[in-house]
Amino acid sequence: MLVSGDPTRYHVRGAIGVSRLHIGVIGCGSIARHRHLPEYAGNPRAEIRAVCDVVQHRAAEMADAYGARAYTDYAELLRDPDIQAVSVCLPNDLHAQVTVAALQAGKHVLCEKPMATSRQEAQEMIEAARRSGKLLMIAHNQRFMAAHAKAKQMLHSGRLGAVLTFRTTFSHGGPEGWSIDGAESWFFRKAEAFVGALGDLGVHKADLVRWLLEDEVASVSAFASTLEKPADVEDNVVCVLRMQSGALGTLTASWTHHPGEDNSTHLYCEHGVMHVAADPLYQVIVHYDNGDTERIEAGQVATNESQTASGVVDEFVDAIFSGRESAIPGAEGMASLQVILAALRSAQTGRAESIDS
Ligand SMILES: NC(=O)c1ccc[n+]([C@@H]2O[C@H](COP(=O)([O-])OP(=O)(O)OC[C@H]3O[C@@H](n4cnc5c(N)ncnc54)[C@H](O)[C@@H]3O)[C@@H](O)[C@H]2O)c1
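Note that the coordinates shown come from a computational prediction; the quantities given were computed from them, not determined experimentally.

### Notes on the site of the ligand
Looking at the ligand, there are 29 residues lining it, with Gly29, Ser30, Ile31, Glu112 and Ser179 nearest. The biggest single contributor to the shell around the ligand is helix α1 (residues 30–41), with 3 residues. There are two domains that each give the shell around the ligand at least three residues, and those are domain 1 (21–139 + 310–327) and domain 2 (142–306).

In structure tokens:
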């Protein structure tokens with residue numbers, strides 16, 4: 001229930017009076033196995049009580065591993081009164097319907113990115129959270145990476161001045177090396193994924209740029225192609241972004257980076273240049289226009305090959321217990337989604353596209 005007069009405060013029905021939040025994880029694929037399940041298991045205020053996957057043996061395996069009940073139908077898990085909060089770790093086309101159903105069933109929801117497949121779906125999710133008074137958080141984990149937090153702190157200390165231009169990239173070898181279904185993955189099918197590398201990786205960078213610059217994207221020009229994968233979604237996209245401040249930048253997302261990965265961001269500012277996650281040793285490097293250089297070991301940025309604790313689950317659990325809005329509520333997920341929706345439109349029309357307001 002929303003506390004009247006303060007839309008950012010929540011009463012946490014169900015969590016009050018219990019020492020541990022009872023969790024259900026819906027989808028037992030790669031993101032659930034690498035991040036959600038181990039991070040809930042590592043959080044002393046959370047207890048995994050149920051898991052769900054349409055593939056029965058995946059649900060059974062995770063239920064065994066975490067001492068939870070196994071479901072193959074998410075609707076049944078949502079009817080379980082013992083469950084207070086769920087993670088939605090499903091293919092993109094299911095995010096909205098499962099999230100709305102979970103909120104209507106009175107569960108808090110941590111939903112994976114991209115939040116939804118359309119602005120309308122995102123709005124329905126936000127509205128369902130408002131009506132239920134339950135928390136809706138979107139798992140944009142780039143914000144919690146130590147290098148990005150450090151970069152943001154340095155950027156806003158003022159010494160660098162305004163960001164004038166930037167380039168940000170997220171690329172790896174493709175979801176066949178990640179998804180639990182390998183080369184047969186839903187990631188390659190438009191009906192389930194709705195978008196390719198842009199939604200898998202580009203949305204992370206859209207979110208990062210908005211958050212890092214504390215600025216909104218005004219318009220986007222994009223080219224998208226399927227260069228390598230047997231997919232009916234793009235495996236590469238190159239976008240040019242114009243921010244509301246006037247800053248210009250490029251955002252690229254690729255599933256054809258062989259070997260390795262690139263998760264870097266470069267900011268060209270009035271008084272210097274900042275390189276983030278571009279050097280294996282120093283995750284933040286700043287060259288100032290007076291000749292000074294700072295090199296900071298801020299902690300590794302997570303890659304598919306090298307997973308680090310995301311911070312997302314801990315933030316979700318803490319926000320519920322604290323009765324506060326999360327760091328990444330539905331409206332933030334929707335704003336980042338809208339950047340990739342505009343990029344998709346631009347790739348189709350061949351024109352720059354404004355963000356829908
Ligand atoms: N935040 C991140 O860094 C990050 C990284 C990777 C993936 N993701 C996101 O996480 C989500 C899941 O991706 P993944 O990599 O785990 O995919 P995956 O292919 O590894 O796993 C998906 C799982 O969902 C199950 N599933 C499909 N339909 C279902 C249904 N109706 N009910 C229950 N289970 C169902 C499948 O059987 C499979 O086990 C996607 O939205 C993806 O974009 C986020």
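Structure shown, so let's carry the discussion forward.
### Overview of the pairing of strand β7 (residues 163–171)
Note: β7 against strand β11 (residues 265–269), 5 bridges, orientation antiparallel. By the bridge assignment, Thr165 is partnered in β11 with Tyr268.

### Considerations on the environment of Pro230
Examined against the element boundaries, Pro230 turns out to sit in the loop between β8 (217–225) and β9 (236–243). As for Pro230 and Gln120, which are separated by 110 residues in sequence, their C-alpha atoms are 29 Å apart.

### Describing the sheet that holds strand β3 (residues 69–71)
A sheet is described by the order of its strands in space; here 6 strands give the open sequence β3-β2-β1-β4-β5-β6, paired in parallel fashion. Single-partner strands in this sheet number two, and they are β3 and β6 (136–138). Pairs of neighbouring strands in the sheet enclose a mean axial angle of 25°, with direction left out of account. Taken together, the 6 bridges between strand β1 (residues 21–26) and strand β2 (residues 46–52) define a ladder with parallel strand orientation. Within β2, the position partnered with His22 by the bridge is Glu47.

### Some remarks on the packing of helix α5 (residues 119–132) against helix α10 (residues 330–349)
At their nearest, the axes of α5 and α10 sit 10 Å apart, and the two run at 180° to each other. Our classification of the angle between α5 and α10 gives roughly antiparallel. Here α5 contributes Arg119, Ala122, Met125, Ile126 and Ala129 to the contact with α10, which in turn contributes Gly330, Ala331, Gly333, Met334, Leu337, Gln338 and Leu341. Here the contact of α5 with α10 is built from residues that sort into 8 nonpolar, 3 polar and 1 charged.

### Considerations on the packing of helix α4 (residues 95–104) against α5
Contact geometry of α4 with α5 gives a least axis separation of 9 Å together with a crossing angle of 10°. Judged by the inter-axis angle, α4 sits roughly parallel to α5. Across from Ala96, Thr99, Val100, Leu103 and Gln104 in α4, the residues of α5 making contact are Glu121, Glu124, Met125, Ala128, Ala129 and Ser132. Taken together, the residues of the contact of α4 with α5 sort by class into 6 nonpolar, 3 polar and 2 charged.

The rules behind the values
Residues numbered from 1 in each chain as written. Predicted model: local features only at pLDDT ≥ 70, side-chain atom pairs only at ≥ 80, totals over all residues. Near = placed C-beta within 6 Å. Helix = DSSP H or I, 4+ residues; strand = E, 2+ residues; numbered from the N terminus. Domains from an automatic or database assignment. Pairing = 2+ DSSP bridges. Axes fitted to C-alpha atoms, helices over the stretch in contact; angles between N-to-C directions. Parallel < 35°, antiparallel > 145°, perpendicular 65-115°, else oblique. Contact = placed C-beta atoms within 7 Å. Nonpolar A, V, L, I, M, F, W, Y, C, P; charged D, E, K, R; others polar.

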